[in-house]
Amino acid sequence: MAATRPALIALTALAPVSWGSTYAVTTEFLPPDRPLFTGLMRALPAGLLLLALARELPRGAWWGKAAVLGALNIGAFFPLLFLAAYRMPGGMAAVVGSVGPLLVVGLSTLLLGQRPTARSVLTGVVAASGVSLVVLEAAGGLDALGVLAALASTASMSTGTVLAKRWGRPDGVGPLALTGWQLTAGGLLVAPLALLVEGAPPALDGPAIGGYLYLALANTALAYWLWFRGIGRLSATQVTFLGPLSPLTAAVIGWAALGEALGPVQLAGMALAFGATLAGQWAPRPRGAVAVGGPFSSASQKRRKDSMDLTDAALRR
């Protein structure tokens, strides 16, 4: 039975909620200064697991599309994200990353032909402002390389989200296989770079092994399957406006597990960011938008929809 839209949104929201734990796991349990190795350990095992479950490989042009999406959503995003986490406090990284919804609004205009509305832009500004209030006070000093890495990771993921919405999916292929393709492609891209730049893998103790297992299974395999499943059934802006849940979760984890304070300013920022997240889900569908054109809608469904549109237009004339 198909999930209702609130249930679908809630399930998709579990992905950024899970990602909100990434910074705490990275800083508390993983070897320091190994962003490429950490990105590899997060992506490749999860991708191979999903490929084994889906038992479906790309065909034709999808080899190239899967490689591009894997590079944007995984291969570039993961190492840049961990580089930012290693080089500056999580609060500053979250502030930089909170511009993601605004990037997706702009990219949707260029790649999907969806004109930005004043409401979506305002909601994106409010979301970024709320996140800033939550985390900026404790963000610490700026690190130029860390800021650039955070900006680049946000731009990479935003572009991948919109391209996934634009390209659809091949016939008979579901989100499990698509997620596996991207994670595997991204992991294979990172593997030689990790070996070349960082050398041999570091020695791992029990907490590090547990941290990598958590990142690969719950934080990546499950979370990205939910995320790409949501992209296929919701608009690109709806999905990306769930992104502020990640820094909000990180703030709550910092308060509950790491002894960080949450004052009135942070609580007000959390309310603003959460309100913007809800408002982003209620945004009306742009006029003329096609419901079946998502990344998990098949090519045959798109052609059938186009044919119906032409027929309906002829009847109206």
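The structure presented is a predicted model; accordingly, all values stated were derived computationally and were not measured. Starting afresh in each chain, residues are numbered from 1 along the sequence in its written order. Restriction of local features to residues with pLDDT of at least 70 applies here, the model being predicted, together with a cutoff of 80 or more for giving and counting side-chain atom pairs; totals for whole chains, interfaces and linings are based on all residues. Only heavy atoms go into the side-chain values, all of them from the structure, while hydrogens and water stay out.

Colleague: Explain the nonpolar core here, please?
Modeller: Trp19, Phe78, Trp181, Tyr224 and Trp227 are the most contacted members of the largest nonpolar core, which totals 34 residues. Numbered from the N terminus, helices here are DSSP runs of H or I no shorter than four residues, and strands are runs of E no shorter than two. Sorting the residues of this core by element identifies helix 1 (5-19), helix 3 (35-54), helix 4 (62-87), helix 8 (144-167), helix 9 (175-198) and helix 10 (206-233) as the ones contributing at least two each. Top contributing element to this core by residue count: helix 4, with 7 residues. Those residues in contact with Trp181 that sit more than four places away from it in its chain are Leu51, Glu56, Leu57, Pro58, Trp62, Ala66, Pro170 and Val173. Residues Phe37, Phe82, Tyr212 and Leu215 belong to the second largest nonpolar core, which totals 7 residues. For our purposes a nonpolar core is just a set of buried Ala, Val, Leu, Ile, Met, Phe, Trp, Tyr and Cys residues, chained together by side-chain atoms within 4.5 Å. The classification of residues rests on relative accessible area computed with a 1.4 Å probe and restricted to protein chains. Under 20% of the type maximum is buried, over 50% is exposed, and intermediate values are partly exposed. Any two residues whose heavy atoms approach within 4.5 Å are treated as being in contact.

Colleague: I'm lost on helix 12 (residues 245-257) in this one. Help?
Modeller: Residues that lie three or four places apart on an α-helix share one face, since the helix turns once every 3.6 residues. The span one expects for a helix is its residue count, reduced by one, times 1.5 Å. Given a rise of 1.5 Å per residue, 13 residues ought to cover 18 Å, and the 18 Å separating the end C-alpha atoms of helix 12 matches this to within 8%. Among all positions in helix 12, only Leu245, Ser246, Pro247, Leu248, Thr249, Ala251 and Gly254 are buried. Taken from the residues just after helix 12, Gly259 is the one with a positive phi, measuring 75°.

Colleague: For this particular structure, what's the right way to read the packing of aromatic side chains?
Modeller: The geometry of an aromatic ring pair is captured by two quantities: the separation of the ring centres and the angle between the planes. The criterion for an aromatic pair is that two Phe, Tyr or Trp rings (for Trp, the six-membered ring) have centres within 6.5 Å, with stacked assigned to planes under 30 degrees apart, edge-to-face to planes over 60 apart and tilted to the rest. Counted under the stated rule, the structure contains 7 aromatic pairs. When the ring of Phe37 is compared with that of Tyr212, the centres are 5.6 Å apart and the planes differ by 90°; the resulting orientation is edge-to-face. Highlighted residues: Phe37 in helix 3 and Tyr212 in helix 10, separated in sequence by 175 residues. We classify Phe37 as buried; its relative accessible area is 7%. Look at Trp62 and Trp181: their rings are 6.1 Å apart centre to centre, the planes differ by 50°, and that puts the pair in the tilted class. Of this pair, Trp62 sits in helix 4 while Trp181 sits in helix 9, and the two are 119 residues apart along the sequence. The two residues Trp62 and Trp181 agree in class, both being buried. In textbook terms, an aromatic cluster arises when at least three aromatic residues are bridged by ring pairs, as seen for Trp19, Phe77, Phe78, Tyr224, Trp227 and Phe228. Geometry around Phe78 places Arg42 over its ring, the cationic atom sitting 4.2 Å from the centre. Charge over a ring is defined by NZ of Lys or CZ of Arg lying within 6 Å of the ring centre and within 35 degrees of the ring normal.

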